[in-house]
Amino acid sequence: MKTSDTLTVPFASLFSSYRSAQDEYDAAIRNVILDSAYVGTDSNRYVRSFESNFAAFTGVRHVIGCANGTDAIEIGLRALEIGAGDEVIVPAMTWISTASAVMLAGAKPVFVDVGDSDLNIDPTKLESVITPRTKAVIAVHLYGQPAQVHRIQSICDTHDLFLIEDCAQSHGAKVNGVQCGNFGALATFSFFPSKNLGAFGDAGCVVTNLDDLAQRVRRLRNHGQLVKNKHKELGRNSRLDGLQAALLDVKLRHFDKALASRIRVAAYYSKHLSNPGVELPPTVEDRTSVYHQFVIRTKRRDALRDYLQENDVVTGIHYPQILPELELFGADDAVNRYPVARRIADEGVSLPIFPEMSADQMAKVVELVNAFSS
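Predicted, not measured: the structure shown is a model, and the values here were computed from it. (Residues numbered from 1 in each chain as written. Predicted model: local features only at pLDDT ≥ 70, side-chain atom pairs only at ≥ 80, totals over all residues. Heavy atoms only, no water.)

### Observations regarding empty space enclosed by the protein
Argument step 1. Overall, the coordinates contain two cavities of 30 Å³ or more when judged by the stated rule.
Argument step 2. One number sums up the size of the largest cavity: a volume of about 80 Å³.
Argument step 3. Lining the largest cavity, in full, are D118, L119, L142, Y143, Q145, P281, P282, S289, Y291, Q293 and V295.
Argument step 4. Class assignment of the residues belonging to the lining of the largest cavity gives a composition of seven nonpolar, three polar and one charged.
Argument step 5. As a volume, the second largest cavity reaches approximately 30 Å³.
Argument step 6. Lining of the second largest cavity is provided by G181, N182, F183, G184, A185, L186, A187, V207, T208 and N209.
Argument step 7. Put simply, the parts of the chain that give the lining of the second largest cavity at least two residues each are β8 (186–190) and β9 (204–208).
Argument step 8. Across the lining of the second largest cavity, the residue classes break down as five nonpolar, five polar and no charged. (1 Å grid on protein atoms, 1.4 Å probe; cavity = no way out; pocket = protein on both sides within 12 Å on 5 of 7 lines; lining within 4 Å. Points joined across faces, edges and corners; volume = space filled by probe spheres on them. Nonpolar A, V, L, I, M, F, W, Y, C, P; charged D, E, K, R; others polar. Helix = DSSP H or I, 4+ residues; strand = E, 2+ residues; numbered from the N terminus.)

Here it is in structure tokens:
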């Protein structure tokens, strides 16, 4: 039933983010155009600036910009010499890039269910799928909630595996005060426009604290060369362009404030949502989520979404299918083998969350969810 309230709540508002620092964004675009600094080689000062500033923000030694987050995962795998005949363990519940990049690198993704405690890959189920061909585990910090990196790293150490962090949704998230991206051999980030730290198009990066690995990633993302025309190996063209780097640098200057606002929205939801038929996102004491998505769960998911839509509140589903179900990955028996991931896919609703949400918009979402007959 539609209420008389005419207030609209979008799922996100990318234009509001631009408008919050419009003069700075416009100046950044103009400067790149004046310098004709479009292509993201190591000589591009805008790329160098963002890589340096993002390294300082995350606390890592090296940031290597790429064209997008999917390329970043594939290039990271190749830099670790993971390819044909190898297996990489990934969570059953994540965006397709985590697993498709494994296939693009020539390896095989092996799926593991996620846990109810944090909705991330379940460490207790890792060892059951490790084989002599296993080379790495990709821990995705889903929805901005950090995974159990210390437990996963311990398992990786025992079996001589690489830990890779997929930080596409976790810019600024922390484990015991340490930012995601600092655990394991390397980590990857996406700067897709809707991410917490989003560009104005596709962009991504690989981060690592290992000097030799960083150098190899830089080669692989730029045709296998560090010096022009000196192609040491087969690389690809996946460079962070100057425009996106300059715009990301502007957004990074305001990111702490935007992140605090996003967490404020999540805290309001957590405090005021009280519908007994709705399950809130899990919280973990030693981990700081950055709430890329605020995913609630209800057995009447579709009815709730329709009800909210009728009342001008836009929601999302992340994700309606889990990866093992997809034909691309073999259409596995998801219900029995990955029950937690399957339940999240059936019940999860992503509520609107963005830094510029007004108090009235937050209150409207809460009021409608609480009034919904679950």
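What follows picks up the thread again.
### Here's the deal with the packing of helix α9 (residues 255–272) against helix α13 (residues 359–371)
Argument step 1. Where α9 contacts α13, the two axes come as close as 10 Å, and the packing angle between them is 30 degrees. Here α9 lies roughly parallel to α13, going by the angle between them. Between α9 and α13 lies a crossing of right-handed hand. Residue-level contacts link R264, V265, Y268, Y269 and H272 of α9 to M362, A363, V365, V366 and N370 of α13. (Axes fitted to C-alpha atoms, helices over the stretch in contact; angles between N-to-C directions. Parallel < 35°, antiparallel > 145°, perpendicular 65-115°, else oblique. Left-handed = near helix turned anticlockwise from the far one by under 90°. Contact = heavy atoms within 4.5 Å.)

### Re the nonpolar core
Argument step 1. Formed by 45 residues in total, the largest nonpolar core has its most connected members in L77, V88, M93, F111 and I138.
Argument step 2. Every element with two or more residues in this core is listed here: β1 (62–66), α4 (69–79), β2 (87–91), α5 (97–104), β4 (134–140), α7 (211–220) and α12 (339–347).
Argument step 3. Counting residues in hydrophobic clusters, the runner-up holds 35 residues, among them Y18, C167, F189 and L252. (Core = buried A, V, L, I, M, F, W, Y, C linked by side-chain atoms within 4.5 Å. Buried < 20%, exposed > 50% of the residue type's maximum accessible area, 1.4 Å probe, protein only.)

### Points about the environment of F162
Argument step 1. On the secondary structure map, F162 appears in strand β5 (residues 162–166).
Argument step 2. On a C-alpha basis, the gap between F162 and V137 in space is 6.3 Å, while along the polypeptide they are 25 residues apart.
Argument step 3. Once residues within four sequence positions are removed from consideration, F162 is found in contact with L80, I82, K135, A136, V137, C156 and A185.

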